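# A look at the structure
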Amino acid sequence: MVTRTRSHEIFSKAKTFFPGGVNSPVRAFKSVGSDPFIVESGQGAYLMDVDGNRYVDYINSWGPLVLGHAHPAVVEAIACQAARGTSYGACHDLEWRLAELVQTLFPSMEMMRFVNSGTEAGMAVIRLARGYTKRQKLVKFEGCYHGHADVLLAKAGSGVLTLGLPDCAGVPAAVVGDTLVAEYNNLESVERLFDACGSDIAAVIVEPVVGNCGLLVPQPEFLAGLRAITARHGALLILDEVMTGFRVALRGAQGLYGVTPDLTMLGKVIGGGLPVGAFGGRRDIMELLAPLGPVYQAGTLSGNPLAMVAGITTLTEWSKPGIFEATAAATSRLVQGLHDAAAVEGLSLQAECVGTMFGFFFSSVPVRSYRDTQQADKHAFNRFFHAMLEAGVYFAPSAFEAGFVSYAHIGEAIDYTVEMLAKGFHAAR
């Protein structure tokens with residue numbers, strides 16, 4: 001039996017300082033009915049807690065750690081830069097070097113701006129889209145999460161969905177009054193919105209592969225259909241690749257599916273585990289940003305040298321021949337292991353992966369939209385989650401989050417996980 005005495009003690013102290021004991025809601029393990037373990041360190045494919053337990057980590061800081069925890073090259077780069085200064089609040093050489101790497105893989109980002117989080121990128125990109133089109137309305141999709149800006153919290157995924165919050169208290173109805181919600185993988189639902197008020201819609205924003213209500217894969221022609229609809233009505237298409245960028249493919253979902261957006265949001269991987277976000281796209285749109293244009297956006301720590309050097313080192317390593325391909329192959333092996341082990345126990349499971357992202361639902365029917373996710377068996381997931389945690393395998397503590405594989409998982413970590421899956425699915429019955 002795994003003991004977490006020290007974790008319980010620390011979490012009890014944390015609850016006196018932080019709402020729910022955490023600084024981000026899903027960390028509280030509320031949806032799986034337990035207290036979280038407290039991390040002491042991370043190395044490669046593993047997390048170690050304060051009680052001496054080790055876990056294969058399939059969260060990887062919710063996606064950024066494509067090389068695994070504490071990759072030596074990234075750690076060295078951060079340490080060397082820290083000795084030169086952690087923040088300048090001024091221009092420096094590392095900013096354009098990371099931008100050049102990003103643009104090589106995302107050529108649609110003719111110009112870009114670095115920020116400090118995906119939420120910040122979401123706030124800015126919506127403001128920019130409205131400033132460019134001179135329209136107010138925005139189309140988003142049920143279950144997609146683009147950060148916790150007020151305007152984007154209508155029918156959101158991630159922690160909002162995990163905690164069962166229908167919408168967010170504190171967000172005035174007027175703020176989301178111009179946010180229109182469509183169904184992912186349903187072009188007709190988008191067409192209806194444009195038929196009703198297309199001349200008022202500034203943009204459509206979408207996670208091209210949804211990772212914030214579990215993994216939802218776009219059906220054929222869905223993304224291309226969004227591109228066609230927005231072009232026809234003079235609206236912008238925004239791809240939120242904060243999660244999918246460099247993970248579903250080196251060139252992101254836009255490269256994988258051959259869809260060119262007007263604007264793109266990035267984050268996670270481009271900071272190598274440090275706080276970062278970015279947005280960018282067509283030059284004529286981006287030149288509306290101050291100081292060139294009238295759309296204001298700023299940030300004291302935007303482009304800070306620690307995040308930039310971590311991102312440069314991570315992307316350089318991740319882009320080396322064979323690294324991504326080997327990690328994607330390991331992800332496919334994990335998903336096949338999920339299918340095989342569930343079948344042995346006679347459980348209905350939907351499991352998929354795209355590149356190095358994966359997800360699964362306890363469901364007898366394919367899961368293609370937010371509404372489909374609500375039919376999945378959350379109780380079976382919770383039993384599976386706890387059995388796997390006891391076995392030393394850490395999946396996301398929510399039935400509505402994607403998982404991530406890093407290069408460090410190849411070999412031992414994947415082998416061990418596949419071996420332990422029988423225990424998890426037996427408990428889930």
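Everything in this summary refers to the structure shown in the same document. Source: prediction; values computed, not measured.

### Points about the overall build of the protein
- When helices and strands are counted, the protein shows 14 helices and 14 strands.
- The C-alpha extent of the protein, read off along each of the three principal axes, is 60 × 55 × 45 Å.
- Taken across its 429 residues, the protein has 57% of its residues classed as buried.
- Of the contacts made within the protein by residues no fewer than 6 positions apart, 73% connect residues no fewer than 24 positions apart.
- Of the side chains in the protein, 33 bear a positive and 40 a negative charge, and the two mean positions are spaced by 3 Å.

### Details of the sheet that holds strand S9 (residues 263-267)
- Read across the sheet, seven strands follow the order S4-S10-S9-S8-S7-S5-S6 without closing on themselves; strand pairing throughout is mixed. Where the open sheet ends on each side, the last strands, each with one partner, are strand S4 (111-115) and strand S6 (179-182). Here the average twist between neighbouring strands, direction ignored, is 20°.
- Lying over the sheet, helix H3 (residues 93-105) contacts S4 and S9, oriented at roughly 120° with respect to S4.
- Its contacts with the sheet put helix H6 (residues 187-197) on strand S5 (137-141), S6 and strand S7 (201-206), and the angle it makes with S6 is roughly 145°.

### As for the side chain of Ser406
- Relative to the elements of secondary structure, Ser406 occurs in the loop between strand S14 (403-404) and helix H14 (412-428).
- Overall, Ser406 belongs to the buried group, its relative accessible area being 0%.
- Side chain to side chain, Ser406 and His409 meet in a polar contact 2.8 Å long.
- Among residues more than four places away in sequence, those in contact with Ser406 are Asn60, Leu65, Val66, Leu67, Gly68 and Thr327.

### Re the packing of aromatic side chains
- According to the stated counting rule, one finds 23 aromatic pairs in the structure shown.
- Ring geometry for Phe37 versus Tyr55: centroids 4.3 Å apart, planes at 20°, classification stacked. With a gap of 18 residues between them, Phe37 in the loop between helix H1 (5-14) and strand S1 (39-43) and Tyr55 in strand S3 (residues 54-57) connect regions that are remote in the sequence.
- Residue classification places Phe37 among the buried residues on the basis of a relative accessible area of 7%.
- One cation-aromatic arrangement involves Arg54 over Tyr46; the distance from NZ or CZ to the ring centre is 3.8 Å.

### Brief notes about the nonpolar core
- Residues Tyr58, Phe360, Phe362, Phe384, Tyr394, Phe395 and Phe425 are the most contacted members of the largest nonpolar core, which totals 44 residues.
- When contributions to this core are tallied by element, the ones reaching two or more residues are strand S2 (46-49), S3, helix H11 (323-344), strand S12 (357-361), helix H13 (378-390), strand S13 (393-394) and H14.
- Apart from the residues lying within four places of it in its own chain, the contact partners of Phe384 are Leu338, Phe360, Phe362, Phe395, Leu421, Gly424, Phe425 and Ala428.
- Formed by 30 residues, the second largest nonpolar core is a distinct cluster that contains Phe106, Met109, Leu315 and Phe324.

### Thoughts on the layout of surface pockets
- Of the volumes computed, that of the second largest pocket is approximately 720 Å³.
- The wall of the second largest pocket is formed by 30 residues, among which Cys91, Glu95, Met112, Arg113 and Phe114 lie closest to the centre.
- When contributions to the lining of the second largest pocket are tallied by element, the ones reaching two or more residues are H3 and S4.
- The dominant element in the lining of the second largest pocket, judged by the number of residues it contributes, is H3, at five residues.
- In the lining of the second largest pocket, the residues fall into 16 nonpolar, ten polar and four charged.

### Here we look at helix H2 (residues 72-84)
- Over its 13 residues, H2 extends 19 Å from the first C-alpha to the last, a length consistent with the 18 Å expected when each residue adds 1.5 Å.
- By the burial criterion, the buried members of H2 are Val74, Ala77 and Gln81. Projected down its long axis, H2 carries its buried residues within an arc of 65°, all on one side. Exposed side of H2, more than 90 degrees from the buried face: Pro72, Glu76 and Ala83 are the residues found there.

The rules behind these values
- Residues numbered from 1 in each chain as written.
- Predicted model: local features only at pLDDT ≥ 70, side-chain atom pairs only at ≥ 80, totals over all residues.
- Heavy atoms only, no water.
- Helix = DSSP H or I, 4+ residues; strand = E, 2+ residues; numbered from the N terminus.
- Buried < 20%, exposed > 50% of the residue type's maximum accessible area, 1.4 Å probe, protein only.
- Contact = heavy atoms within 4.5 Å.
- Lys, Arg positive; Asp, Glu negative; His and termini not counted.
- Charge placed at Lys NZ, Arg CZ, Asp CG, Glu CD.
- Pairing = 2+ DSSP bridges.
- Axes fitted to C-alpha atoms, helices over the stretch in contact; angles between N-to-C directions.
- Polar contact = N/O pair within 3.5 Å; in protein donor to acceptor, adjacent residues only side chain to side chain.
- Phe/Tyr/Trp six-rings, centres within 6.5 Å; stacked < 30°, edge-to-face > 60°.
- Lys NZ or Arg CZ within 6 Å of the ring centre and 35° of its normal.
- Core = buried A, V, L, I, M, F, W, Y, C linked by side-chain atoms within 4.5 Å.
- 1 Å grid on protein atoms, 1.4 Å probe; cavity = no way out; pocket = protein on both sides within 12 Å on 5 of 7 lines; lining within 4 Å.
- Points joined across faces, edges and corners; volume = space filled by probe spheres on them.
- Nonpolar A, V, L, I, M, F, W, Y, C, P; charged D, E, K, R; others polar.
- Expected span 1.5 Å × (residues − 1).
- Arc of directions from axis to C-beta.

By themselves, these are just geometric observations and shouldn't be taken as functional.
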